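# An overview of the molecular structure
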Amino acid sequence: MSSPLFPPAQPKTPQTSAATVPLAQPRAARLRWHPRTRRGWAGLLLAIVAVLVLIAWLMARATPSWYQPLNPTDTRVLDSADRGQFNLASELHNAWERTPLGPQRWTVTQDEVNSLLSVGFDAPGAAAHDRAHPPVVSAPFVLFEPGKILLSARTTKVPGDRPGGGVASAIFAIDTTPSASGAAQARVRLVSAAIGNLPVPRWLVARKLQSMAPGLVAVAERAAIARLGATGNGHSPRGDDLTEIDTALRSALQGTPFPTRFRYHGRDIVVQDVRVAAGSLSIVFAPLYS
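Everything quoted here is computed from the prediction, not taken from an experiment. (Residues numbered from 1 in each chain as written. Predicted model: local features only at pLDDT ≥ 70, side-chain atom pairs only at ≥ 80, totals over all residues. Heavy atoms only, no water.)

### Concerning the side chain of asparagine 114
Checked against the element boundaries, asparagine 114 lands in helix α4 (residues 110-121). Among the residues examined, asparagine 114 registers a relative accessible area of 3% and is labelled buried. Contact partners of asparagine 114, with chain neighbours within four places excluded, come to Leu70, Pro140, Phe141 and Val142. (Helix = DSSP H or I, 4+ residues; strand = E, 2+ residues; numbered from the N terminus. Buried < 20%, exposed > 50% of the residue type's maximum accessible area, 1.4 Å probe, protein only. Contact = heavy atoms within 4.5 Å.)

In structure tokens, the structure reads:
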């Protein structure tokens, strides 16, 4: 029986020691997963590789924000192309003609170069290319930065988000070193290359450029005959002149220094300096001092 002096006994509850209570684990630790088998580790590795490949594929297909080729049908582009043509056909020759008076600086702007490229690539019959048969190379674009020249274009040889393919680009640096004769030693270096927004090894581009050397040399020879040929007496560049141009171009493709000199109207002309600024390229021509 129970009484006020002896209350009924309460049932004992089991006491747990603080040492035996498991501590609450952090949420990150509870969510962490570790492969327990080799197959699990292999699956995790394959998943990581797949994600990296997907990211690289998307970067290669993307169009860089700086890539902005000009519209060849725009009136401003056509006017700029006319100015660039006059600059190359008249101002450049005038600078060579005035070299006996001393060093002459000739400048071409990025807008003029891109306008000429845009109009030149929009040749008759280019519109005949439909979405199923785009040209291999289209929409070239040049970007002048301090000390560097960026060359880019769309090509069907690489994946892209447009029918014309992806954007392939390469950045070159031009270094000039003066010499005692006044002719600078020039060197063209491949700084970097990319497909879309994805950087690619430089040696891949360098090997491709070297394989294209014979064709580029042939184009340079035709350009030299057209540009360096005398306007009045009909003389063409001598064999020695073409050899110097070939040597300079091959050295440029290989990244080795080369002398910058040529003959114009029977006079030796040298390049004293080459400067690339934001939006423009300047070259200083001078007579060859003996």
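### Some remarks on the packing of aromatic side chains
Enumeration according to the criterion identifies three aromatic pairs in this entry. Between tryptophan 66 and tyrosine 67, the aromatic rings sit 6.3 Å apart at their centres with planes inclined by 85°, giving edge-to-face as the arrangement. Tryptophan 66 gets classed as partly exposed once you look at its relative accessible area, which sits at 28%. Measuring from centroid to centroid gives 5.9 Å for tryptophan 96 and phenylalanine 285, while their planes differ by 90°, and the two rings are edge-to-face. Of the two residues, tryptophan 96 sits in helix α3 (residues 75-97) while phenylalanine 285 sits in strand β10 (residues 280-287), which places them 189 residues apart along the sequence. Members of the aromatic cluster, each reached through a chain of ring pairs, are Trp66, Tyr67 and Phe141. (Phe/Tyr/Trp six-rings, centres within 6.5 Å; stacked < 30°, edge-to-face > 60°.)

### A few points about the nonpolar core
If you look at the biggest cluster of nonpolar residues, it comprises 18 residues, and the most contacted ones within it are Trp96, Trp106, Phe144 and Phe285. Looking at this core, the elements with two or more residues in it are α3, β1 (104-109), β2 (137-145), β8 (261-264), β9 (267-277) and β10. If you tally residues by element for this core, the top one is β9, at four residues. Excluding residues within four positions of it along the chain, phenylalanine 285 makes contact with Leu92, Trp96, Thr99, Gly102, Pro103, Gln104, Trp106, Phe262, Ile269, Val270 and Val271. The next biggest cluster of nonpolar side chains, apart from the first, holds seven residues, and it includes Val188, Leu190, Ala252 and Phe258. (Core = buried A, V, L, I, M, F, W, Y, C linked by side-chain atoms within 4.5 Å.)

### Some thoughts on the sheet that holds β10
As summarised here, the arrangement of the four strands in space is β1-β10-β9-β8, forming an open sheet in which the pairing is antiparallel. The open sheet has two free edges, formed respectively by β1 and β8, since each of these has just one partner strand. The mean angle between the axes of side-by-side strands here comes to 35°, regardless of whether they run parallel or antiparallel. Sheet topology note: the β1/β10 ladder contains six bridges and is antiparallel. Paired with arginine 105 across the strands is valine 284, a residue of β10. Packed onto the sheet, α3 meets β1, β8, β9 and β10 and runs at close to 165° relative to β1. α4 rests against β1 and β10 of the sheet, and its axis sits at about 60° to β1. (Pairing = 2+ DSSP bridges. Axes fitted to C-alpha atoms, helices over the stretch in contact; angles between N-to-C directions.)

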